[in-house]
Structure formats: C-alpha cells, structure tokens
Amino acid sequence: MKDKIAEKLLLFIAFSAILSLSLITFFIFQQGIPLIFKAGLGNFFSLRWAPTRGGFGILSMVVGSLMVTIGALAVGIPFGLAGAIFLAEFSSSTIQKTLKPVIELLAGIPSVVFGFIGIVILVPFIREIFGGPGFSVLAASIILGIMILPTIVSISYDALLAVPKTYREGSYALGATKWQTVVMVLLPAARSGIVAGIILGMGRAIGETMAVIMIAGNALKIPGSILDSVRTLTSTIALELGYAAGDHRAALFACGSILFLIIIFLNIIATRITNRK
Amino acid sequence: MTFRIGPRTSQIIAYITLLVMTAITVIVLFFIIFYILKNGIGQLTLEFLTDRTRDMGREGGILPSILGTLFITIFAILIATPLGVGSAVYLVEYTKGGFIRRIISFGADCLAGVPSIIFGLFGFIFFVITMNLGWSILSGGLTLAVMILPTIIRTSEEAIKAVPYTYREISYSLGGGKLDTIVRVVLPSALPGILTGVILGIGRAVGETAAVIFTAGSSLGLPTSIFSSTRTLAVHFYILAREGISMPKAYGTAAVLIIIILAINFIAYRLMHRFIARYY
C-alpha cells in the first residue's frame, strides 16, 4: 500500500521537468505568437524595429544572433576539439584528473564575469589593434567561443573515451601513429557525439544574453564587418523587457518564441544524434 | 617535387598544436580568475561584506545582495531538490525504458538547454504577473528552481544508477519493501553524488543574472520577507559594471562571486571523487 502511494507520488514528481517545459512553451508562445500574426509576417521579418510605433522587424537581430553564434563556433570548435583530443588521447591519467575539473570550472564562471572581462580587456584591445568601437561581433564571438568551450570539450571527450579500445589497438597494430589513429579512426567513430556537443554549444551561444549585451554594442542594424556593433535577439529581450508594455512587450515575447523554437530544434537534433547509437 | 610530411613529423606537429591550444584554454581560465581576484580582493573588507549599499552602489557594501542571493538560492534548492531527486528515483527504480522514461528524459534534456533569458521571460510572465507574486525572492527562487531542476535530475540519476544492484537485493532479502529499500539503502549510498548535483545547482543559481533580474527585480533594500524584491550579487555586479557606477565596487563584487564559485566547484569535485572512489 505504502509502496503504491509512493510510486504514484514519484510518478507525479517525475513529470515536473516536462510539466515545466510545457508551461514555459505555453506562456512564451501565448504571449508572443499572436503579435506575429497581428503585425504580419512581412513586418515581423523586416528590418524596422520600432516596437512603440508599429515596427516589429526582427531581421537585424536574427542576423546578429546568427553572426555571433557562427563566430563563437569558429573559436569554440577548434579549441574545444583540441582540448578534448589532448585530454582523451595525449595526456596521462594525472593530467586528465587535473585538467577536467579545471575546464569544468570554466563552465561555472558566471556569464556576467565573462562580459566584464570583455569590457575591461577584450574590447579596448580590439579597439586598439583593429580600430572601430571595440564593442563588436568579434568581441562577442571570442567571449562566447570561450563560454561554449566546456560544453564542446566535455561532450567530445566522453565521445572519444566511448570508442572501444580495440579500435585503437587495431590501428596501432597496423603501424599508425597516435595522431593518425585520432584522425582516421577515433574522430570518425566519435563523430556523432562530437556533433551533438557542437550543437549543444551552438544552443548555448545563441541563447547567451548578459555577456553579449555587455560587449556587442547593441546597435540596431546588420553589421557590415566583424568590427561593427551587433544586437542579438537575446540582448533585445533583456535590454527592453524592463520598460516594455503592450505590443512592445508582446514583441519581446515573440523574439523569445523564435529563440525558443531554435533552441528546441537544436536540442531535438542533439538528442536524436546521441540516441542513435 | 611534392613535399610530404612523414607520420612521425605530423605526430609531433599535432601534439604541439594540441598542447598549445589546450594550454591557451587553461591560461585564459586562470587569467580571468586571477585578474578578477587581483583587482577585487583589496575591496573585500569586513565593512564591504556587512554594510548596506549606499548611493546606488558607489558607496557602502553589498550586504543586501549577499542576503538576496542567499535567500533566493536556498529557496530554489529547497524546491528543486525534492523534485529532482524524486524524478531521478522514479527514472532509475520504477521505469524500465519505454515511453514514460523517454518523455521524462526528453523533458530534462530540453529544459537543460533552455537559455536563461527564456527562464527570465517565463518567470516574469508566469510567477511575477500571472500568479501575481511580483518582483520577489519567491518569484526569483521559483524561476531558478525550474532552471536548476535538470542539473539535479541528471546528477542524481547517475548517482542512483551507480549504487550496486546487490545492495538492493540484500535489502529485499531481509524483507525490505521497495520504498524502504530506496529510503534506507539506495538514497544514503547515493548521497554524495546527489549532493554534488545540488551543489552544482547552487553554483548555477548564484551566477545567474538574466533569469533573476526580471523575476526578483533589482531593489537595494534589505530583504524582509519572501515577497521582498531583491538584487542578487550577479545582478548587482552587472548593474555596477554596465552602468559604470563604480569600478572598484564592481571588482569587489566580482571577487566575491568568483570566490563562491571556486568554493562550490572545489566542494563538488571533492564529493564526486569520494563517491567515485566508493563505487567505480
């Protein structure tokens, strides 16, 4: 009897995550989607963002989000993969035991701290070396690239470790060096895990808010170069939610809806890839 | 004449490149921590930690933000821990694969990927406005509870899975029921692993900005009840830095945040190791 009640109660509790996800989906869409139809798709995907005067165009922010995300991947993928390969294949167990928590620590540093480091070090540096305002696509890409590193490293590392030992031994027996084994055997075998890690890192980059607001400059236009200021979907929400009302607020939820759809889409792809094995 | 790099040379070049790139990652990390501590540690006087914030943060200390962070985090943990551990127990002990397990896992995975600004939007419209809780410790804590739920579910799930099956069999053979076995045998054995998840959840909650700024607000008053609006350390630091109110105070606040994060990661690491040493 006691066991039956406990099981029912636990089943109920176990649905808390999916229930939360449903509530989030419902409330974000309920607040945002009607505005998209009210404004019309032409207006919504235009360049004119003047939400207090009927302009709900999010195009420049969508492009902005994509640019910083691609930039973040350009920084995060090579360094993340290098870290994972070095940890999994080229280091002793002592180095692995020291480096793994160090990289996990990187994941724990709050995004505002990354943004602050961007303001006090990276932005002045870019302004000095390349000119321009410093608050730029480049600054945001570098900081976001560092922020998504731990995700890419730890998931790719697990994927590499999951490759059966016999694959390595077979390759060595054929006379391949460690590096040849990595390129020709291990990376192809761990491909799906690595791709999943990159997709999850992409999700983190596209959704990151505070660090981006602090260093991207937030100008409302499509950047002409990587040294130009840029504004993302997330920055717009966070910058304007504090004072927005009526259709303006609904427009911010519409931005949130688009962002949410992108993230759920990326998550589903990542889960599919990981579960395929 | 074609130039070919031999396998030995390519091995050496690859090794050096990987080593340098990994070293850069580690150096960047230590540089961030060192830079914040170097500039902030001088600010950390007893007065800074125990004084009220005055003149928007130009003067005084950060006591209201320390208390605000503490209350919101405790609240979030109190809600998320039973839900997270309960979910994990159900996943490991009561489901054997199948549809229910897949849908619960999918929920946790998706929730883990949701960006904090979406939690901020949701907390704002659901807790602050629809449930009429206002900008408060309650709204902020509830929002963060939802946010850290997947961390706790996933870590607890791993911890419970790692408890050897023989422990359960011995308990059953002594006449223990399923619930007794879970409460008296499985959970105590999995405790260090579960605590690691809770501590990582605390870390996420303490460092969070986007999800709390729109749910707990940014009031600088000392919190008096769970309905008080408050400004967490991360939010206070963000406002100080972005509005250029006071660089020294910003560094000081950042140093407090970094020290908390370092301590949390250290404790989580030690706990995890003790756990791994026991079962793996």
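Residues numbered from 1 in each chain as written. Chains lettered and ligands numbered in written order. Predicted model: local features only at pLDDT ≥ 70, side-chain atom pairs only at ≥ 80, totals over all residues.

To continue, consider the overall build of chain A. Along its length, chain A carries 13 helices and 2 strands. Each of the three principal axes of chain A carries a C-alpha extent, and together these read 70 × 70 × 30 Å. Split into buried and exposed, the 277 residues of chain A put 52% on the buried side. Put simply, of all contacts in chain A between residues at least 6 apart along the chain, 75% involve residues at least 24 apart. (Helix = DSSP H or I, 4+ residues; strand = E, 2+ residues; numbered from the N terminus. Buried ≥ 20, exposed ≤ 12 C-beta atoms within 10 Å, placed from the backbone. Contact = placed C-beta atoms within 7 Å.)

Broken down by element type, chain B carries 11 helices and 2 strands. Ordered by position from the N terminus, the helices and strands of chain B form the series α-α-β-β-α-α-α-α-α-α-α-α-α. Overall, the C-alpha framework of chain B stretches about 75 × 65 × 35 Å when taken along its three principal axes. The burial tally for chain B puts 52% of its 280 residues in the buried class.

With that out of the way, let us pick up the packing of helix H8 (residues 165-173) of chain A against helix H9 (residues 178-189) of chain A. Residue and element names in this part refer to chain A. Axis separation between H8 and H9 bottoms out at 10 Å; the angle between their running directions is 155°. For the element pair H8 / H9, the angle class is roughly antiparallel. The element H8 and its partner H9 pack so that their crossing is right-handed. For the pair H8 and H9, contact is made by Tyr167, Arg168, Ser171 and Tyr172 and by Thr181, Val185 and Ala189, respectively. Considering only residue class, the contact of H8 with H9 consists of 4 nonpolar, 2 polar and 1 charged. (Axes fitted to C-alpha atoms, helices over the stretch in contact; angles between N-to-C directions. Parallel < 35°, antiparallel > 145°, perpendicular 65-115°, else oblique. Left-handed = near helix turned anticlockwise from the far one by under 90°. Nonpolar A, V, L, I, M, F, W, Y, C, P; charged D, E, K, R; others polar.)

Take the interface of chain B and chain A next. In this complex, chain B contributes 67 residues to the contact, which on the side of chain A involves 64 residues. When residues of the side of chain B that touches chain A are assigned to their parent elements, the largest contribution, 18 residues, is made by helix H1 (residues 7-40) of chain B. By residue class, the composition of the side of chain B that touches chain A is 49 nonpolar, 14 polar and 4 charged.

Residue and element names in this part refer to chain B. On domain assignment, one finds that chain B holds domain 1 (7-43) and domain 2 (46-279). Computed from C-alpha coordinates alone, the two centres of domain 1 and domain 2 are separated by 30 Å. Listed as interface residues are 7 residues of domain 1 and, on the opposing side, 8 residues of domain 2. In terms of residue class, the side of domain 1 that touches domain 2 is made up of 4 nonpolar, 3 polar and no charged. (Domains from an automatic or database assignment.)

Inspection of the secondary structure assignment puts glutamine 180 of chain A in helix H9. It is 52 Å that separates the C-alpha atoms of glutamine 180 of chain A and glycine 42 of chain A, two residues lying 138 residues apart in sequence.

One finds Val113, Ala139, Ile143 and Ile215 of chain A to be the most contacted residues of the largest nonpolar core, which totals 181 residues. Sort the elements by how many residues they give to this core and helix H7 (residues 137-161) of chain A lands first, with 17 residues. In terms of domain composition, this core takes at least three residues from each of domain 1 (7-43) and domain 2 (46-279) of chain B. Residues contacting isoleucine 143 of chain A, with those up to four places away along its chain left out, are Phe114, Gly118, Leu122, Ala211 and Ile215 of chain A. (Core = buried A, V, L, I, M, F, W, Y, C linked by C-beta atoms within 7 Å.)

Below, the discussion takes up the packing of helix H5 (residues 116-130) of chain B against helix H6 (residues 137-162) of chain B. All names here are of chain B. Contact pair H5 / H6: the axes reach a minimum separation of 9 Å and the direction vectors enclose 135°. Judged on the interaxial angle alone, H6 and H5 are oblique. Pair H5 / H6 crosses with right-handed handedness. Facing H5, whose interface residues are Ser116, Phe119, Gly123, Phe127 and Val128, H6 presents Ser139, Leu142, Thr143, Val146 and Met147. Within the contact of H5 with H6, the residues separate by chemical class into 6 nonpolar, 4 polar and no charged.

Moving on: unusual backbone geometry. Residues and elements named next belong to chain B. A positive phi is found at aspartate 55, a non-glycine position, where the angle reads about 50°. The residue aspartate 55 is located in the loop between strand E1 (53-54) and strand E2 (59-60) in this model. In this structure, methionine 56 is a non-glycine residue whose phi angle is positive, near 60°. Counting through the fold element by element, methionine 56 comes out in the loop between E1 and E2.

Checked against the element boundaries, leucine 133 of chain B lands in the loop between H5 and H6. Residue classification places leucine 133 of chain B among the buried positions, given that 20 C-beta atoms sit within 10 Å.

For residues with low pLDDT, the predicted coordinates do not support detailed interpretation. Of all residues in chain B, 99% attain a pLDDT of 70 or more, and the chain-wide mean is 93. Quick note on the complex model: pTM equals 0.94, ipTM equals 0.94. (pLDDT = per-residue confidence, 0-100.)

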